[in-house]
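# Chains, contacts and geometry: an overview
One letter stands for each residue in the lines below.
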Amino acid sequence: MNLFLPIMAVFAVQSGAGRGGDELVVIANRSAPVERLDNQKTTQIFLKQIQTWSDGKPITPVDVAEGSPLRAEFYARVTGRSVGQIRAYWARQEFTGMGFRPRQAASAADVARVVQATPGAIGYVSRKAATPAVKVVLDVSR
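Residues numbered from 1 in each chain as written. Predicted model: local features only at pLDDT ≥ 70, side-chain atom pairs only at ≥ 80, totals over all residues. Heavy atoms only, no water.

### Here we look at the sheet that holds strand β2 (residues 60-64)
Here we have 5 strands laid out as an open sheet, ordered β3-β2-β4-β1-β5, and mixed in their pairing. Where the open sheet ends on each side, the last strands, each with one partner, are β3 (103-105) and β5 (134-139). Between one strand axis and the next, the sheet turns by 35° as a mean value, whatever way the strands run. The pairing of strand β1 (residues 24-29) with β5 spans 5 bridges and is classified as antiparallel. Bridging across to β5, Ala 28 finds its partner in Lys 135. (Pairing = 2+ DSSP bridges. Helix = DSSP H or I, 4+ residues; strand = E, 2+ residues; numbered from the N terminus. Axes fitted to C-alpha atoms, helices over the stretch in contact; angles between N-to-C directions.)

The structure is reproduced here in structure tokens:
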């Protein structure tokens with residue numbers, strides 16, 4: 001395991017990397033029956049503690065690939081957990097058969113494409129990657 005990546009991810013979060021025109025936002029497919037989410041509800045969705053929208057349709061959370069500073073920033077700022085803690089959470093869930101980690105996309109642009117194309121999908125991207133084809137449900141920069 002490359003120990004340099006977690007250190008850089010922590011530095012990126014602490015230094016405010018990703019701010020400016022690159023703020024972090026949570027996006028949802030236009031069909032999702034939600035206009036706004038808070039950190040707590042978003043955390044529950046990405047930990048798959050909530051698996052359906054209010055209309056009963058499945059929620060499909062989409063993560064950016066491991067090693068991405070955006071992923072580290074999302075989990076630190078929204079859930080209050082490090083990527084290591086999230087990795088351990090999913091290892092326990094998978095080992096006990098209680099659940100499986102969210103789908104992963106290679107980049108923020110890929111997350112936006114998957115969310116746009118998948119009814120019920122939700123993901124996080126930089127503000128510049130959020131197109132009008134998806135809706136912003138949580139502005140993490142606030």
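### Regarding the pattern of salt bridges
Working definition: two side chains of opposite charge can pair if their charged atoms are close together. Overall, the coordinates contain 9 salt bridges when judged by the stated rule. For Arg 71, the salt bridge identified is with Asp 63, shortest N-O distance 3.6 Å. The pair Arg 71 / Asp 63 is uniform in exposure class, with both members buried. Among the ionic contacts, a cluster of salt bridges with common partners joins Glu 66, Arg 87, Glu 94 and Arg 101. (Salt bridge = Lys/Arg side-chain N within 4 Å of Asp/Glu carboxyl O. Buried < 20%, exposed > 50% of the residue type's maximum accessible area, 1.4 Å probe, protein only.)

### So, the packing of helix α2 (residues 39-46) against helix α3 (residues 69-79)
In the contact formed by α2 and α3, the axes pass within 9 Å of each other and the chain directions differ by 130°. Relative to α3, the element α2 lies oblique. Contacts between α2 and α3 pair Asn 39, Thr 42, Thr 43 and Phe 46 from the former with Phe 74, Tyr 75, Arg 77, Val 78 and Thr 79 from the latter. The residue inventory of the contact of α2 with α3, partitioned by class, reads 4 nonpolar, 4 polar and 1 charged. (Parallel < 35°, antiparallel > 145°, perpendicular 65-115°, else oblique. Contact = heavy atoms within 4.5 Å. Nonpolar A, V, L, I, M, F, W, Y, C, P; charged D, E, K, R; others polar.)

### A few points about the nonpolar core
Counting 38 residues, the largest nonpolar core has Val 26, Ile 27, Phe 74, Ile 122, Tyr 124 and Val 125 as the members making the most contacts within it. The set of elements that each furnish at least two residues to this core consists of β1, α2, β2, α3, α4 (83-96), α5 (108-117), β4 (121-126) and β5. (Core = buried A, V, L, I, M, F, W, Y, C linked by side-chain atoms within 4.5 Å.)

### Examining α4
Given 3.6 residues per turn, any residue in an α-helix points the same way as the ones three and four places further on. Between its first and last C-alpha atoms α4 spans 20 Å; for 14 residues at 1.5 Å apiece the expected length is 20 Å, and the two agree. Of all the residues in α4, the buried ones are Ile 86, Tyr 89, Trp 90 and Gln 93. The arc that holds every buried residue of α4, seen down its axis, measures 90°, which confines them to one face. Seen from the buried face of α4, the exposed residues on the opposite side, beyond 90 degrees, are Arg 92, Phe 95 and Thr 96. Buried residues in α4 make contact with α2 and α3. At the exit of α4 stands Gly 97, carrying a positive phi of roughly 75°. (Expected span 1.5 Å × (residues − 1). Arc of directions from axis to C-beta.)

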